[in-house]
Amino acid sequence: MKKRMSKVLVFMMLATMVCANAFAAGGAETKARDTKTINLWFWDQNGEEVYKKMIEEFEAENPGIKVSMTVIPWADYWTKLQMALPTGTGPDVFWLNHPNAVSYLPTGLIMDLEPNKDQLKFENFNSIYYEPFVYNGDRYGVPIFFDSVILYYNKALFDKAGVAYPTDSWTWSDFLAAASKLTIKDKDTTIQYGTVVDPDMQSGVSNFILQNGGMLYSPDRMSLQIDTPEGREAAQFQLDLIYKYGYAPKVSEMREITKPTMFQSGMAAMVIHHTGILRQFSEVLGEDLGIAPAPQQKRRASIYHNLAYVASAKTKYPEEVMKFMTYLASSRHAEILSSVWAPCYNGGAEQFYAKYSYLDTKYIVDTVNYGYPLPISGKNAGPVYTLLNNEMDKIFTQPKLGDGFAEVQKIVNAEINK
Amino acid sequence: MIKIQKQKRISVGFFVLALVAIITIIPFFWIIVSSFKTYRETVQIPVAFFPGSFRNLDNYKELFERLNFLSYYKNNIINTIGITVPQLFLSSLAAYAFARIDFPGKNIIFMSLLLALMIPIQMILMPRYKLILDMGLFDSYLGIIIPSIPSVTTTFYMRQQIMSLPRSLDESAYLDGAGHFRIFWSILLPLCNSALLATGIMCLVFSWNDFLWPLVVINSTDKYTLSIAVANLQGQHLTKDNLLFAAAVVVSLPMIIVFIISQRYFIEGIALSGIKE
Amino acid sequence: MQLKRKHKDWMVAFLFIAPVVLGLYIFFLYPMAHSVFISFTEWNHLNPPQFIGLKNYQRLFNDPTIWLEFKNTLFFAVVSVPLTVGASLFLANALNKKHLLGRGVFRTIFFLPYVVLPVITAQVFMIVFNSRYGLVNGVLRLLHLPQPMWLSNVMLTKFVIILVTLWASIGYYTVILLAGLQNISPQYYEACDIDGGSWWIKFSRITLPMVTPQLFFCLVLAIINSFKMFDYIFVFGKSNVIVRESIRTMAFGIYERGFTYLEMGYASAEAIIFSVIVLTVTILQNVGQKHWVHYN
């Protein structure tokens, strides 16, 4: 009994301390409100250090303004945003990507940046980076960093198999020939695959469809148009890599192990993937990593995607936000950001790639010339994007495409026009 | 009364139990050994079971030095104790009333409480969030703590517990002039020690690991809980398993220690004193 | 005098239950009522909800996916609940023996899985069941048995999910039941020993009846939890879309419709139907408890 009473007392004391702390934390907040605090939200922890640096600089140049940054887990970023923005408790400045731009821009929750275009100097960016963030002719986003799709290959595995490294004149048949020599079997199991086939609409089959002269969405983006002879040919080529030739693993095995892990572990000799993963690949493979443009067929194609900073239309401090956005649109921002990502700011990417002097990063920079935007629909973009990827996954479980694309088109177009 | 001496025996049952225990604990071994690996070691195929060196503490260093896990510990402790202590007390109090006092609407009210368990929590996030905003508890510890204190599970469990205690105890105390609170606090509750401990631990673990509600309420990184910090380790494009599993060890360890310590307090044998058989 | 005491009793009762009841009503039931309202609207989180009457419910009853989700939910509940609670009961019973060597160690080991964050559990078991280099297939390979692609097969994935759920929750129910078992006076068992009772007699005549209050609690909770479970469907279904489409449960469907497809109205309608089903099952259990639960 005594033991329990003393335990209860200890708990009560702790509880009191806890309450005191909880109230104290509330108090500290009121003090901070004398300075104007802007909230910045983003979802990649890798950016914490560079943003800290940027914020320090910005705050030093702008006394009276504080920037508070919050990293939100990627999986829950949109959920939190959806709850916070409409209630006015959201960020003042935050990251937005292409698919979500379609849903967010028409809501009136995002600040129109066109009135401030002289301050922001959009001419410092290639227009392909801010076009997805245009609504009713006005620009709403300041581009941040981009990635495009290229071919990664493992030099050590190429050397072992005696295959020449990929060049920028590679076509699908060169790709196929190399994949065949790089696939190694041990009795019934393949222990090394030439490449990995990915139904993904950013880093996978969409690139091939475009390279073959096919198309993804109609110009008004209101209907999916992959069901063309060129599109079907491209998809069948990918399926053949898996089922006819065995140079690539089945999609379910790929998803179990994940494409990046397959490449990093040496289980796949070359993969087509986006450049966001360059840092990781380079850390693991070091000098064995090589990059080249994705193989061409009837033309070159590489899907690109970029993020933009947008501001909340309901922000309490519009002037301060504009000052911060101006900083985020500056070359100084690009300089600091380039230690982690490839900035959209003109010339910013070169600063990033300078760190990878042993790689032919000019190939990545070149993709701007033949880049196609991430395929997103004109309406319901987020849900449609997920639906499309799911349907593509399903098609790729069969060796023959058959009516696959027609089916997908029907389903996706129904969702777009819901 | 014959005292039956039973020495600690190893029987067939023991071996079965041991086998099941080993199978149960294998995933933990995986988590622990992975926490010492470098990222490169986690992307090898086939994945090696053992890390290159058990002395590789880089993952732990990163968690505490770069990623601030120590301050998240503080937040977790505040939230967990702030939730558990009031919850145990208030739930037991309510449980006593449901178990021992006959009042109008008792059963309907109790069933309506169970309703609270029946909807997936994601559906009620928004209205709850608005409530918290209106109460001015947004982005605060109390915003996490207060909605988490009322618990159907704890109340339900304690009600079951109290219902299984003999009413003769209540009656003899009442005859001695005790009111409801005295009966509750001095007579019945002490007899529920095992139950309180069990449900207390469950509440502790649940609030320690709670993820969704804290994520919704908190905007300031410095008030993040450990579960949010772990979720941040899962990137958009890839997750570094070595860091993730080191974080798993760091997050689970306090709860495991609490459980081990609490083992001593599980009362053995007769918990009902003063009962005449 | 009796009436006064009764009324005083009622006041005390209401006072005692007030914090919990008020708290639950404000933070759970009021939001649920809001959810009912949303189920009659169309809402994508960002724009204000638009009233559309019963359209969501009409759509629900014509949607074949919902029926599949219901069947799967039922499947997991019917298989996983008896398994989990039954296993926990046996385990609690085994761990209740004073003479068991290393009892504290065993208890800790079986409790550990409950402590791990669900996201971590899912990640570990993805690795364990990986078809190429996972532990399970590694052992099967040693035994020269076939090594299936676990997560590409609907039945096997269901099996994995049930197993992982068992692994993660057995600690919870075992601790609860163990606390219940400890309230059983050993004198009953000693009396049984004197009469020459077997292990089964002790279990079914003494242990089982006396732990029914806690058992009832475990069953109600286990059923509710199994209905709500969706983390594992989400993670284990990731590698194969076809498998995921076949194993989807109502909880998963509600989440996907609300947060991936941004149809909160439709998701809420499904959630309401879901709650009604769970409520019905719970009420049935509550009514049925009179037949088998013994309070003192």
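Residues numbered from 1 in each chain as written. Chains lettered and ligands numbered in written order. Predicted model: local features only at pLDDT ≥ 70, side-chain atom pairs only at ≥ 80, totals over all residues.

## Some details on the overall build of chain A
Then step 1. Scanning chain A from N- to C-terminus turns up 19 helices and 13 strands.
Then step 2. When the 418 residues of chain A are sorted by exposure, 49% land in the buried category.
Then step 3. For chain A, contacts bridging at least 24 residues in sequence account for 75% of all contacts bridging at least 6. (Helix = DSSP H or I, 4+ residues; strand = E, 2+ residues; numbered from the N terminus. Buried ≥ 20, exposed ≤ 12 C-beta atoms within 10 Å, placed from the backbone. Contact = placed C-beta atoms within 7 Å.)

## A few points about the overall build of chain B
Then step 1. Secondary structure summary: chain B contains 14 helices and 0 strands in total.
Then step 2. From first element to last, N terminus to C terminus, chain B shows the α and β order α-α-α-α-α-α-α-α-α-α-α-α-α-α.
Then step 3. Computed over the C-alpha atoms, the radius of gyration of chain B is 24 Å, more than 25% above the 19 Å expected from 2.2 N^0.38 for a compact globule of 277 residues.
Then step 4. Each principal axis of the C-alpha atoms in chain B carries an extent, and together these give about 70 × 60 × 30 Å.
Then step 5. Looking at chain B residue by residue over its 277 residues, the buried ones come to 49%. (Rg over C-alpha atoms; globule rule 2.2 N^0.38 Å.)

## What about the interface of chain A and chain C?
Then step 1. Contacts between chain A and chain C engage 19 residues on the former and 18 residues on the latter.
Then step 2. Those elements that place two or more of their residues in the side of chain A that touches chain C are α3 (77-84), α4 (98-104), α11 (251-257) and α18 (381-395) of chain A.
Then step 3. The greatest single-element share of the side of chain A that touches chain C, amounting to 6 residues, is contributed by α18(A).
Then step 4. Of the residues contributing to the side of chain A that touches chain C, the split by class is 5 nonpolar, 9 polar and 5 charged. (Nonpolar A, V, L, I, M, F, W, Y, C, P; charged D, E, K, R; others polar.)

## Description of the packing of helix α8 (residues 152-163) of chain B against helix α10 (residues 212-228) of chain C
Then step 1. Between α8(B) and α10(C), the least distance of the axes is 8 Å, while the angle of their chain directions is 160 degrees. When the interaxial angle is binned, α8(B) and α10(C) end up roughly antiparallel. Read as a crossing pair, α8(B) and α10(C) show a hand that is right-handed. Along its contact with α8(B), which presents B:T153, B:F156, B:Y157, B:Q160 and B:M163, the element α10(C) presents C:P213, C:Q214, C:F216, C:F217 and C:L221.
Then step 2. Looking at the contact of α8(B) with α10(C), its residues break down into 7 nonpolar, 3 polar and no charged. (Axes fitted to C-alpha atoms, helices over the stretch in contact; angles between N-to-C directions. Parallel < 35°, antiparallel > 145°, perpendicular 65-115°, else oblique. Left-handed = near helix turned anticlockwise from the far one by under 90°.)

## A word on the domain arrangement of chain B
Residue and element names in this part refer to chain B.
Then step 1. Taken as a whole, chain B is organised into domain 1 (9-56) and domain 2 (61-265).
Then step 2. The C-alpha centroid of domain 2 is placed 31 Å from the C-alpha centroid of domain 1.
Then step 3. With 8 residues of domain 1 in contact, the opposing surface of domain 2 contributes 7 residues.
Then step 4. Those elements giving two or more residues to the side of domain 1 that touches domain 2 turn out to be α1 (12-34) and α2 (39-42).
Then step 5. Among the elements that take part in the side of domain 1 that touches domain 2, α1 stands out by supplying 3 residues, more than any other.
Then step 6. A breakdown of the residues in the side of domain 1 that touches domain 2 according to their chemical character gives 3 nonpolar, 4 polar and 1 charged. (Domains from an automatic or database assignment.)

## Overview of the domain arrangement of chain A
Think of interface size as the accessible area that goes away when the parts come together; that is how it is often given.
Residue and element names in this part refer to chain A.
Then step 1. If you check the domain split of chain A, you get domain 1 (33-146 + 306-353) and domain 2 (149-304 + 362-416).
Then step 2. Its C-alpha centre places domain 1 at a distance of 31 Å from the equivalent point of domain 2.
Then step 3. Of all the secondary-structure elements, those providing two or more residues to the side of domain 1 that touches domain 2 are α4 and α16 (348-353).
Then step 4. When residues in the side of domain 1 that touches domain 2 are grouped by element, the largest group, 5 residues, is from α4.

## Regarding the environment of A:R299
Residue and element names in this part refer to chain A.
Then step 1. Residue placement: R299 occurs in the loop between β11 (289-292) and β12 (302-311).
Then step 2. Residues R299 and N212 lie 87 residues apart in sequence; the distance between their C-alpha atoms is 6.7 Å.
Then step 3. When residues no more than four places from it in sequence are discounted, the contact partners of R299 are Q211 and G213.

## Topic: the interface of chain C and chain B
Then step 1. At the junction of the two partners, chain C supplies 83 residues and chain B supplies 87 residues.
Then step 2. Broken down by element, the residue count for the side of chain C that touches chain B peaks at 21 residues, all from helix α1 (residues 2-38) of chain C.
Then step 3. A per-class count over the side of chain C that touches chain B returns 59 nonpolar, 17 polar and 7 charged.

## A short note on the sheet that holds strand β8 (residues 184-186) of chain A
Residue and element names in this part refer to chain A.
Then step 1. In spatial order, the strands read β8-β9-β10-β7-β11; together these 5 strands make up an open sheet with mixed pairing. Of all strands in the sheet, those bounded by a partner on one side alone are β8 and β11. Going from strand to strand, the sheet's axes swing by 25 degrees on average, the running direction of each strand aside.
Then step 2. Examined bridge by bridge, β8 and strand β9 (residues 189-195) share 3 bridges and lie antiparallel to one another. Residue D186 lies in a different strand from β9, and its bridge partner there is T189. (Pairing = 2+ DSSP bridges.)

## Some words on unusual backbone geometry
Then step 1. Along the chain, B:I45 connects to B:P46 via a cis peptide bond; the corresponding omega equals 0 degrees.
Then step 2. Residue placement: B:P46 occurs in the loop between α2 and α3 (58-66).
Then step 3. Although it is not a glycine, A:R221 adopts a positive phi angle of roughly 60 degrees.
Then step 4. Assignment of secondary structure puts A:R221 in the loop between α9 (205-211) and α10 (229-243).

## Considerations on the environment of A:Q192
Residues and elements named next belong to chain A.
Then step 1. Along the polypeptide, Q192 turns up in strand β9.
Then step 2. With 155 residues separating them in the primary sequence, Q192 and T37 have C-alpha atoms 53 Å apart.
Then step 3. Not counting the four nearest positions on each side in its chain, Q192 is found in contact with L182, T183, I184, M267 and A269.

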